[in-house]
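Below are the chains, spelled out letter by letter.
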Amino acid sequence: MYYLEDKEFGRVMVSLRYNMRNITMRWKGGILYMNAPHGVTEKELRSSLDKFREKLRVRKEKSTVDYHLGQMIQCYGLTLSIHEQDKKPNLILFKHSSDNVDVLVPKGIDLDEPSNKEWVSKALRVALDSHASKKLVPLAQIISRRLGVAPVRYEIGRGLRKLGHCTPGKVIQLSANLMFLPEELIELTICHELAHLTHMNHSVQFHALVDSYLGGREKELEKKLKNFNWPVLR
């Protein structure tokens, strides 16, 4: 890995990979990362930056998160609250109850520092793990009963970019990170995966089925999901 200096985005981290065919870019922790095919030139990298500069600006705004002590993040069926603790200076601790998780950061931590933002972001995601099955699976079961379809079972994963998946064996995997979303967008993901029980593709027929499951709101909800401001780094 090496880096380019860009006049607007600062230090851009570049990783060259043999198995890639196109240049991809994403923000993480306020830093822009580029993955590119092995052999690509600096000129080509800078050309891609310029070509997608406006989109990258928008993505940067969406990738920015801010944390502060006393902050409360409303999730589906759960509230995450950020507080400080002075018992373990090198750890983030958790205090769980049925409907709340206190995320306890070390006393005096600088929550504006990028690496600390990433640390807290990961901790918020971990905080959902022990609650996701109790919150998401019952909702999915209610929806599947209403639609008259059912998978073999539901499983909980931790994907942040891939929020759901239907396996060839008709097992539906739901990401715990769905809990950061409002209920209507969780339902979008569940209905999307339930439709894969009938169509294991993304054909016109598949999207028509998803749309019918959502009362004609698939495109509307997909747009909301695309524009959702996540409280964690992605």
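Refer to the preceding data block for the structure.
Criteria and thresholds
- Along each chain, residues carry numbers from 1 onward, in the same order as the chain's sequence is written.
- Predicted model: local features are reported for residues with pLDDT of at least 70 only, side-chain atom pairs are reported and counted for 80 or more only, and whole-chain, interface and lining totals are derived from all residues.
- Hydrogens and water molecules were not included; the side-chain quantities draw on all heavy atoms of the structure.
- A run of H or I in DSSP becomes a helix once it reaches four residues, and a run of E becomes a strand once it reaches two; helices and strands are each numbered from the N terminus.
- The rule is simple: take the accessible area with a 1.4 Å probe, protein chains only, and divide by the maximum for that residue type; under 20% is buried, over 50% is exposed, in between is partly exposed.
- The directions considered for the arc are those from the helix axis to the C-beta atoms.
- By definition in these notes, contact holds between two residues if any of their heavy atoms fall within 4.5 Å.
- Think of a salt bridge as a Lys or Arg side-chain nitrogen and an Asp or Glu carboxyl oxygen that are within 4 Å of each other.
- Pairing between strands is defined by DSSP: at least two bridges between the two strands are required.
- Between N-to-C directions, angles cover 0 to 180 degrees, with each direction set by a line fitted to C-alpha atoms, over the stretch in contact for helices.
- In the cavity and pocket records, a cavity denotes points on a 1 Å grid over the protein atoms alone where a 1.4 Å probe fits but cannot get out, a pocket denotes an open set with protein on both sides within 12 Å along at least 5 of 7 lines, and lining residues are residues with an atom within 4 Å of a point.
- Grid points are joined across faces, edges and corners, and a volume is the space filled by probe spheres set on the points.
- Residue polarity is assigned by list, with Asp, Glu, Lys and Arg as charged and Ala, Val, Leu, Ile, Met, Phe, Trp, Tyr, Cys and Pro as nonpolar; anything else, Gly included, falls into the polar class.
- Only residues whose relative accessible area exceeds 30% and that form no salt bridge are eligible for patches; like-charged ones are grouped when within 9 Å, while nonpolar side chains (Val, Leu, Ile, Met, Phe, Trp, Tyr) are grouped when within 5 Å.
- Shrake-Rupley sampling with a 1.4 Å probe provides the accessible areas, and residues are treated as covered by the protein chains on show and by no other component.
- When charges are tallied, Lys and Arg are placed among the positive residues and Asp and Glu among the negative ones, while His and the ends of the chain are skipped.
- By convention, the point assigned to a charge is CZ for Arg, NZ for Lys, CD for Glu and CG for Asp.
- Only buried Ala, Val, Leu, Ile, Met, Phe, Trp, Tyr and Cys residues count toward a nonpolar core, and they belong to the same one when joined by side-chain atoms within 4.5 Å.

Moving on to the environment of Leu128. Examined against the element boundaries, Leu128 turns out to sit in the loop between α3 (114–127) and α4 (129–147). Once the C-alpha coordinates of Leu128 and Arg234 are considered, the two residues, 106 residues apart in sequence, prove to be 16 Å apart.

Now for helix α6 (residues 204–213). Residues separated by three or four positions in an α-helix point in the same direction, a consequence of the helix having 3.6 residues per turn. Considered for burial, the residues of α6 that qualify are Phe206, Leu209, Val210 and Tyr213. Projected down its long axis, α6 shows its buried positions confined to an angular sector of 100°, all on one face. Contact partners of the buried residues in α6: α4, α5 (183–195) and α7 (218–226). Looking one or two residues beyond α6, the residue adopting positive phi is Gly215, at roughly 65°.

It is worth spelling out the pattern of salt bridges at this point. What the rule picks out here adds up to 17 salt bridges. A salt bridge links Arg158 to Asp129, with the nearest nitrogen and oxygen atoms 3.4 Å apart. Taken as a pair, Arg158 in the loop between β9 (153–157) and β10 (164–166) and Asp129 in helix α4 lie far apart in primary sequence, 29 residues in all. Overall, Asp129 belongs to the partly exposed group, its relative accessible area being 31%. Glu187 is the salt-bridge partner of Arg146, the closest N and O atoms lying 2.6 Å from each other. Residue Arg146 is located in helix α4, and its partner Glu187 is located in helix α5; the two are separated by 41 residues in the primary sequence. The network of salt bridges with common partners includes Asp6, Glu8, Asp50, Arg53, Glu54 and Arg57.

All right, on to helix α1 (residues 42–51) then. Regarding α1, the residues found buried are Leu45, Ser48 and Leu49. Down the axis of α1, the buried side of the element spans an arc of 100°, and every buried residue falls inside it. Turned more than 90 degrees away from the buried face of α1, the exposed residues are Lys43 and Lys51.

Sheet strands associate in pairs through backbone hydrogen bonding, adopting either a parallel or an antiparallel arrangement. The three strands lie next to each other as β9-β11-β10, forming an open sheet whose pairing is mixed. Two strands in the sheet have a free side with no partner beyond their single neighbour: β9 and β10. Going across the sheet, the axis of each strand differs from the next one's by a mean of 20°, ignoring polarity. Alignment of β10 against strand β11 (residues 171–175), held across three bridges, turns out to be antiparallel. Residue pairing across strands places Cys166 opposite Ile172, the latter belonging to β11. Sitting on the sheet, α4 is in contact with β9 and β11, with an inclination near 145° to β9. Strands β9, β10 and β11 of the sheet are contacted by α5, whose axis makes an angle of about 15° with β10.

This brings us to the layout of surface pockets. The volume enclosed by the second largest pocket comes to roughly 220 Å³. Surrounding the second largest pocket, 14 residues form its lining, Gly164, His192, Glu193, His196 and His202 being those nearest its centre. For the lining of the second largest pocket, the secondary structure elements donating two or more residues are β10, α5 and α7. Looking at the lining of the second largest pocket residue by residue, the classes come out as five nonpolar, five polar and four charged.

This part takes up a positive patch on the surface. On the surface, a cluster of positive charge is made up of Arg17, Arg26, Lys51, Lys55, Arg59, Arg161 and Lys226. Along the chain, Arg26 turns up in strand β3 (residues 24–28).

Before going further, it helps to examine the nonpolar core. Ranked by size, the top nonpolar core spans 54 residues in total, and within it Tyr67, Leu80, Leu124 and Leu181 carry the most contacts. The dominant element in this core, judged by the number of residues it contributes, is α5, at seven residues. Ignoring anything within four residues of it in the chain, the contact list for Leu124 reads Tyr67, Ile73, Leu80, Ile82, Val103, Phe180, Pro231 and Val232. Core analysis: the second largest hydrophobic core is formed by 13 residues, Val12, Leu32, Ala36 and Leu49 among them.

The values reported here are purely geometric and, on their own, carry no functional implication.
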